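Architecture and fold: a report
Residues per chain, in single letters:
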Amino acid sequence: MSPKSKRFVILGTEILPGEKVELNFSLAKLHSRTAVSVPILVNRSKKPGPTVLFTAGIHGDEVSGVAIIRELIASKINHPQIGTIICIPVINIFGFLNKERNFPDGKDLNRAFPGSNKGSLASRVAFELVNGFLPLVDYVIDFHTGGADRFNAAQIRINPNRPELKPLANLFGAPFVVYSRLLAKSFRASCQKQGIPMLLFEGGKSNHLDEEIIEYGVTGAKRFLAHLKMLPTKLIPPPLKENPIIIEKSLWIRAKHSGMFQSLVKVGHLVAEGDIIGQITDPFGKFNRKIKSPNSGYIFNVNEAPLVYNGDALFHISTQYRHDKGTA
Ligand SMILES: [Zn+2]
């Protein structure tokens, strides 16, 4: 837990205690030769303390996460009273510009870690994050949304085998804490390898700004920083949700037919086994199949796509959950 104390150099620039700098991480040029860079804001207090890295836009179309870090910067939450806050609001700037998840070469940055300085563009970005940033960092909070039209309830995802993450996840104040396995070659896997606690926030869906999701992210980030004494404790907002639901196991309910899809349940709600939670119809009024919940549980992701194919993931439902009583 002791803050890392070494020379603080990012992208070749040394940043001293008390300094606030904006750096540009030059990624590549567009085909028109226009340079494209990722802005990085580093705010250091004069007083020593932990270093927290906030990242968003690893998937370029996950704009709610970008908006959460934007709000932290705009409201000066990134000015710590101790330690250092690094904000990278849009890592995959190419995807952000093109409203796409992946890099221009089709690579998913979150499957390119730990990367290589001689690899693809995504792989080089991963390499810089792992080698240029993580050695300076004590905690990471990475903001994501559901892919495509799949809308996630606000949730913190953690590796259940890392007990030290549980109290951090719970204090964030999101309605759900979801235990999820580490994905190979993910940013989270690289953080774990370096022993850096990482909270992965998921909320909303891609190419969509959701006010409530942004509020959960911003409030959680403030609570996290105040817990580390990086913000004055009088600024600690109450959690938007006390005692999150801990989702220990879950499954995806998939479409058994292709057609027009309508969800009949709101994301975040508890359903009983056999409840009708959606329907798939055809455009001609001849076909209508109700979708029943296979078990009781919380629906924490709902696909909002109007048209689906047989096999598409429609709902993410808990199969094992418990209420946190602050003892986890
Ligand atoms: Zn993502």
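Each remark here, short or long, concerns the structure printed above.
Summary of the structure given here. (Residues numbered from 1 in each chain as written. Predicted model: local features only at pLDDT ≥ 70, side-chain atom pairs only at ≥ 80, totals over all residues. Heavy atoms only, no water.)

1. Some points on the coordination of the zinc ion
- Note on the zinc ion: its protein donors are H59 (ND1), E62 (OE), E62 (OE) and H144 (ND1). The metal-donor distances range over 2.0 to 2.4 Å.
- For the zinc ion, the four donor atoms are set out with angles of 57 to 149° between them, so the coordination reads as irregular.
- Each donor residue of the zinc ion lies on the same chain, and together they follow the pattern H-x2-E-x81-H. For the pair formed by H59 and E62, the shared burial category is buried. (Donors = N, O, S within 2.8 Å, 3.2 Å for Na, K, Ca; no water. Tetrahedral: all angles 85-135°; square planar, octahedral: opposite > 155°, others 65-115°. Buried < 20%, exposed > 50% of the residue type's maximum accessible area, 1.4 Å probe, protein only.)

2. Quick look at the packing of aromatic side chains
- Scanning the model with the defined rule gives ten aromatic pairs in all.
- Ring geometry for F176 versus Y298: centroids 5.6 Å apart, planes at 70°, classification edge-to-face. In this pair, F176 is assigned in strand β9 (residues 176–179) and Y298 in strand β16 (residues 297–303), connecting sequence segments 122 residues apart. The same class applies to F176 as to Y298, namely buried.
- Ring centres of F261 and F315 lie 5.7 Å apart, and the angle between their planes is 75°; on these two criteria the pair is classed as edge-to-face. Of this pair, F261 sits in strand β12 (residues 259–263) while F315 sits in strand β18 (residues 313–323), placing them 54 residues apart in sequence. Here the two residues F261 and F315 agree in accessibility, since each one is buried.
- Put simply, the rings of F54, F143, F172 and F201 touch in pairs and so form one group of aromatic residues.
- For the cation-ring pair, R44 lies above F8, with the distance from its terminal atom to the ring centre recorded as 4.3 Å. (Phe/Tyr/Trp six-rings, centres within 6.5 Å; stacked < 30°, edge-to-face > 60°. Helix = DSSP H or I, 4+ residues; strand = E, 2+ residues; numbered from the N terminus. Lys NZ or Arg CZ within 6 Å of the ring centre and 35° of its normal.)

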